[in-house]
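Structural overview
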Amino acid sequence: MDTQLKLDKKIKDARSRKFMKAVVKYKALLIMMIPCSIILFINSYLPLFGLIIAFKNINYKDGIFRSPWSGLENFRFLFSTDAAWRITRNTIAYNLVFIFVGMVISVAIAIALNEIRNRYLKKCYQTLVILPNFLSMVVVAYIVYSFLNPEQGYMNTTILKKMNITPIKWYDEPIYWPYILILTKLWHSVGYGSIIYIATLTGIDSQLYEAAIIDGASKWQQTKYITIPSLSGMMIISIVLALGNIIKGDFGLFFQVPMSSGLLYGVTDVVDTYVYRALITLQDIGMASAAGFYQSVVGLIMVVIANLIVRKIDKEQALF
Amino acid sequence: MKKYEVNAVSKTAEIIINGGFILFSLACVLPLLLVVSVSFTSESAIMDFGYSFIPKEFSLDAYDFLFSDSEVIFRAYGVTIFVTIVGSLISIISMTLYAYPLSREDFPFKSFFNVYLLITLLFSGGLVASYMVNVTILGLKNTVWALIVPSLGGGFSIFVIRTYFKKNIPSELIEAAVIDGAGEFRTFVQIILPVVQPIIASMLLFSIFGYWNNWTNSLYYISTPKLYTLQHLMQQAMLNLNFIRQSFSDNLSAMENFMKLLPEQSVRMAMVVVGVGPIVAAYPFFQKYFIQGLTEGSVKG
Amino acid sequence: MKRRVGILLVMVMSLAMLISACSAKNEAKKVDGVELPYVKLTVMYPFVGGDQKDKELVEQEINKYLMEKLNCEVNLDVPSYGSFTSKWPLMLQTNEQLDLLWVKDAALIQNIPRKAFTPLDDLLQQHGQGIASLFTEQELNAMKINGTLYGISTYKELAANNCYFYDDAVAKRNGIDYANITTYSQLGDALEIIKKNEKNLVPLWMNQGTAIPPLMVEGEDPFRFELIQGIDILELDTHTDKIISKFDDPYLREKYKYMRSWYEKGYINQDASTTEIGQSTSNKNGKTWIQIASGKPGQEDTMSLDNGRKYGRGHATPVMKSSRTMMGSMLAIPGSSVDPERAMMLMNLLYTDKYLLNLMQFGIEDKHYIKVDENTIKLPQGIERATDSGYYPATEWVIGNQFLNYLWQNEKPSKWQEYEEYNKSATMAKSTGFIFDQTSIKTEIAAINTIIKEYELLIMSGTIDTDSGLKEMKAKLENTGSLKVLEEAQKQYEAWKVSKQ
């Protein structure tokens, strides 16, 4: 018994000695991490006490800590209508499309851009493709509206007219909207998303390509065996982190762009628009926090699972 | 340079790629032109004909409205530029310093700091808690720091930088530096940084765009117009316009004293032009000095 | 860690007190025989006209005056309306110092259970006699929530009604006698004429925000259904004394049916459920000819001036006074006030002190305006619009006693008398004073809101079929607990009736 304790203590001592040794050895690296650690602590960790708002029946006089607990009451509204299934399905399905299709296009843009020899054109394309990202979703919504508006919209007054198709009341017809939303989102984000891949491509060692050319590799083979593997790390990290937001809908996209038309909710309603509608008149921070907390937990689970899978395939690329 | 020619894609492929880019670029640039055009169109022409690429009736009303107090706008430009420069510089420096140790295979505290960072990406205490921290604990309200601190750092960018480091810095490079007897800091500045410039430039760009487009910090933490940022001013103009429209129709009788004309739709577009115009115009400039210049540097190495 | 932060806070605070103790301002002062220590109050209300260049100048002037009157100063936190709506909730939620806050009904009612505001009854008795004497007992009761006064309305028109206004020239040239349109079928006939004759006009412009006031249906009692304060979807049926969902109101159903048929006949713009262009914008640009607005005095003159064409008054709903009409613009004292008594004294001044109020509304005499006579002002030489004068926040209806405000030269000198008569002509609603408390069933209400927001606009604008739309919505609502809400409302109503006796 006594020896066991002693042994434990010894192991503990050895561990802490090892820890201290590591701290000393890597003190320079640790010092490097201080500024950002402090920033993260202030901006993210200090406010984390706000999470308990989700479990409280808040009153402002007692403040966050002394207000009474309310258990899971604040979460109930999320699941109490038959829209619960609809919003979950929509949010996840759209996000999956955005994540994967968006990434494929972004990577394709980066690779294609790399193959353009005219430097002027290259710079020109690179500038133009990120422009949509500068328009807020509200403005995007108006541009889409100028195309699809039933009375003056360009689609109805010009394009469909020329094709002799009767005008369509776009904002009354849900069947078109998955395509419209996906197109809008991709248009808005793929150019911007390609920036990190372009940067990664510029970092590839040109000797790799030289060696491949000497071996007689075709352009396609070079892309397949050198370019894409070089981008894979960046692609994986993007996917894993994006999965953490799988159940957060882009509010601007789903609320503004369909002009909150009630007829379209079947295909445009996501968690964030639902929460907005529920709480706009109630202004209840408890319920709003509950919604956020729920989204975070789902995100956490997704990231952990994704990370496990990545770990299985290639330990190097795993996040933790 | 010559081998580059040898390794070029075929003529047809090049035509297809260029064609694709021209189409996509048009899809990206035309809506922006539409925005500019609408901002110069008179309100009644918009009501009559909808949006069009060439103003049916040219008008500067929207800009008149936005620049009714030009002193305020130019001040806001100043604040925004200051905040953008200081904020994105602090951001990029701290993020890079955090990402580097994470990328080192031999760094024993890697997983702890990875998780420390990941949690910030997944969980947020919410606006109320952040507001309390920034106002009550840090006392940032109505200071320029309120525009900078809440947006510092960024988990996504750090992970991206880390991934790039992992890919592009061979451990032999670091080992060689260690054998040389260079300290960690010297290794980082003299050996590592030159290799990773492309990703740092890109993340700096993200950070710059982020600060430039942020309007919520100014909305929540600033109540003296002297410190308003440009985007806040623009956002506010729009909200005020909505409110004025709603309330004036039945609440205010001194309408005539207030404003003759409310060019709503054109103002919305003019706001975009005033708000993002400068940064869009500056982007090719950045690009020239950042990404492309660096590309040449790194390809050589 | 926590304790250390606490110690730090105490140190900082005592330091702050030490510093402020050194300043001369901190002296107590006798005002009207009462000892008043110096205090600085934070006052927050929206500058409707946006940020004002000379705000600080005016603030200094206000403080000079207030030091004399109440030995206090104010920190005017006056964001433009767009920022105001996002700022005040945060300040309340984090208990930041706020001594006077402008609120609208829902903002006040919902934050009472969250203990955000100070009860005003006693304060009003002690320090607010000027306010108490302005309002009748009945009016003060109408502003109470569960028998307690938390907010006080701006003294302005306290009643409300809705009215149809018509473009006079359009009506004349089509031979429409709009003053006598009193039923939906008559309105429908007029819309048909416009549709036929005026190709450039939309006969009835609707958008997301347009509310169509009722016209008379045969045998209808215009006083029968009253919208309940505290929730936007419940009505009191005054005939049966039962609370009903407004979607079960037969008159409303009738109205929706007309809207549907008008939409199908093309009298209503086809983008009614999505466009953000409102009726007033549409009228201003001459795209339509009917404007629905509050029927308060002088409205047609304002409208004609605003649109540059003559507008005439048509059918109006009865002028009503209720808890709804009297809580649209109020001042309240938040729980975080450092000195509620002084805040009440200041509020009292806003309702009684003509100099102070007009200083806050119009700025400094001879700089921001010029006096024409005792009650009339005009803009200084060389300034065309009030917005260019450096100070015109357009807050006449936001704070204080509107009847003390100066009038611009182009306004009717009899404006305030007309308002007074309008107030007097109003009928008091039966449910006045009953305010629904959502706290106990907020989960159900949140869920119900999501469904109503989905359907209401479509039904209101006639975009979907009235009967099937209402049926579908009702089924969904009942699934989510709308019956529970009705039950709760009825229970609260009965309890309120008992308490009133």
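Along its length, chain C carries 18 helices and 18 strands. On C-alpha atoms alone, chain C measures out to a radius of gyration of 25 Å, which is about the 23 Å that the 2.2 N^0.38 rule sets for 501 residues. For the C-alpha atoms alone, the extent of chain C along its principal axes is close to 80 × 60 × 45 Å. Every one of the 501 residues in chain C was classed for burial, and the buried ones make up 45%.

Another point: the overall build of chain A. Helix and strand content of chain A: 15 helices and 0 strands. In terms of overall size, chain A is more extended than a compact globule, its C-alpha atoms giving a radius of gyration of 26 Å where 320 residues would be expected to give roughly 20 Å. When each of the 320 residues of chain A is scored for burial, the buried share is 44%. The long-range share in chain A, meaning contacts at least 24 apart out of those at least 6 apart in sequence, stands at 68%.

The next subject is the sheet that holds strand 12 (residues 311-316) of chain C. Residue and element names in this part refer to chain C. Across the sheet, which stays open at both edges, the 3 strands sit in the order 11-7-12 with antiparallel pairing between neighbours. Edge positions in the sheet fall to strand 11 (290-294) and strand 12, since each of these pairs with one other strand and no more. Strand-to-strand, the axes of this sheet are offset by a mean angle of 35°, without reference to chain direction. Looking at chain direction, strand 7 (residues 162-167) and strand 11 are connected through 5 bridges and run antiparallel. Pairing of asparagine 162 across the sheet is with serine 294, part of strand 11. Contacting strand 7, strand 11 and strand 12, helix 12 (residues 299-307) crosses the sheet at an angle of about 140° to strand 12.

A few words now on the sheet that holds strand 9 (residues 234-237) of chain C. Residue and element names in this part refer to chain C. Pairing is antiparallel in the open sheet, where 3 strands are placed in the order 8-9-10. A single partner strand is all that each edge strand has here, and the edge strands are strand 8 (225-227) and strand 10 (242-245). On average, adjacent strands in this sheet sit at an angle of 35° to one another, irrespective of strand direction. Pairing geometry for strand 8 and strand 9, over 3 bridges, is antiparallel. By the bridge assignment, glutamate 226 is partnered in strand 9 with leucine 236.

Okay, the packing of helix 2 (residues 27-45) of chain A against helix 5 (residues 70-103) of chain B next. Contact pair helix 2 of chain A / helix 5 of chain B: the axes reach a minimum separation of 8 Å and the direction vectors enclose 130°. By the angle class used here, helix 2 of chain A and helix 5 of chain B are oblique. Considering only the axes of helix 2 of chain A and helix 5 of chain B, their crossing is left-handed. For the pair helix 2 of chain A and helix 5 of chain B, the contacting residues are A:Leu29, A:Met32, A:Met33, A:Pro35, A:Cys36 and A:Ile39 in the first and B:Ser94, B:Met95, B:Leu97, B:Tyr98, B:Tyr100 and B:Pro101 in the second. Looking at the contact of helix 2 of chain A with helix 5 of chain B, its residues break down into 11 nonpolar, 1 polar and no charged.

Turning our eyes to something else, we now look at the domain arrangement of chain A. All names here are of chain A. According to the domain assignment, chain A contains domain 1 (1-54) and domain 2 (72-317). Centre-to-centre, using C-alpha coordinates, domain 1 lies 38 Å away from domain 2. By residue class, the composition of the side of domain 1 that touches domain 2 is 3 nonpolar, 1 polar and no charged.

Now for the interface of chain A and chain B. The interface is formed by 68 residues belonging to chain A together with 77 residues belonging to chain B. Every element with two or more residues in the side of chain A that touches chain B is listed here: helix 2, helix 6 (119-129), helix 7 (137-148), helix 9 (177-202), helix 10 (206-214), helix 11 (219-243) and helix 15 (285-313) of chain A. Among the elements that line the side of chain A that touches chain B, the one with the most residues is helix 2 of chain A, at 11 residues. Tallied by class, the residues present in the side of chain A that touches chain B amount to 43 nonpolar, 20 polar and 5 charged.

Another point: the interface of chain C and chain A. Where interface size is quoted, it is often the accessible area lost as the parts come together. Taken together, the contacts link 31 residues of chain C with 32 residues of chain A. Where the side of chain C that touches chain A is concerned, the elements lending two or more residues are helix 3 (81-93), helix 4 (105-111) and helix 16 (442-460) of chain C. Top element by residues in the side of chain C that touches chain A is helix 16 of chain C. It accounts for 13 residues. The class makeup of the residues in the side of chain C that touches chain A is 11 nonpolar, 14 polar and 6 charged.

With that settled, consider the environment of A:Gln295. All names here are of chain A. With respect to the element layout, glutamine 295 can be found in helix 15. Spatially, the C-alpha atoms of glutamine 295 and glycine 249 are 9.9 Å apart, while their sequence positions differ by 46 residues. Among residues more than four places away in sequence, those in contact with glutamine 295 are Ile247, Lys248 and Val271.

Another aspect to go through is the domain arrangement of chain C. All names here are of chain C. Domain assignment breaks chain C into domain 1 (26-157 + 321-437), domain 2 (162-320) and domain 3 (439-500). The gap between the C-alpha centroids of domain 1 and domain 3 is 34 Å. Contacts between the two partners involve 5 residues from domain 1, matched on the other side by 6 residues from domain 3. Of the residues assigned to the side of domain 1 that touches domain 3, the class counts are 3 nonpolar, 1 polar and 1 charged.

For the rest of this paragraph, the subject is unusual backbone geometry. In this model, A:Ser260 sits at a positive phi of 40°, which is unusual for a non-glycine residue. Along the chain, A:Ser260 turns up in the loop between helix 12 (251-256) and helix 13 (265-268).

Below, the discussion takes up helix 14 (residues 271-279) of chain A. With 9 of 9 residues buried, helix 14 of chain A is to be regarded as a mostly interior element. Listed in full, the buried residues belonging to helix 14 of chain A are A:Val271, A:Asp272, A:Thr273, A:Tyr274, A:Val275, A:Tyr276, A:Arg277, A:Ala278 and A:Leu279. Close packing links the buried residues of helix 14 of chain A with helix 4 (76-79), helix 5 (83-114), helix 12 and helix 15 of chain A together with helix 16 of chain C.

So, how was this worked out
- Residues numbered from 1 in each chain as written.
- Chains lettered and ligands numbered in written order.
- Predicted model: local features only at pLDDT ≥ 70, side-chain atom pairs only at ≥ 80, totals over all residues.
- Helix = DSSP H or I, 4+ residues; strand = E, 2+ residues; numbered from the N terminus.
- Rg over C-alpha atoms; globule rule 2.2 N^0.38 Å.
- Buried ≥ 20, exposed ≤ 12 C-beta atoms within 10 Å, placed from the backbone.
- Contact = placed C-beta atoms within 7 Å.
- Pairing = 2+ DSSP bridges.
- Axes fitted to C-alpha atoms, helices over the stretch in contact; angles between N-to-C directions.
- Parallel < 35°, antiparallel > 145°, perpendicular 65-115°, else oblique.
- Left-handed = near helix turned anticlockwise from the far one by under 90°.
- Nonpolar A, V, L, I, M, F, W, Y, C, P; charged D, E, K, R; others polar.
- Domains from an automatic or database assignment.

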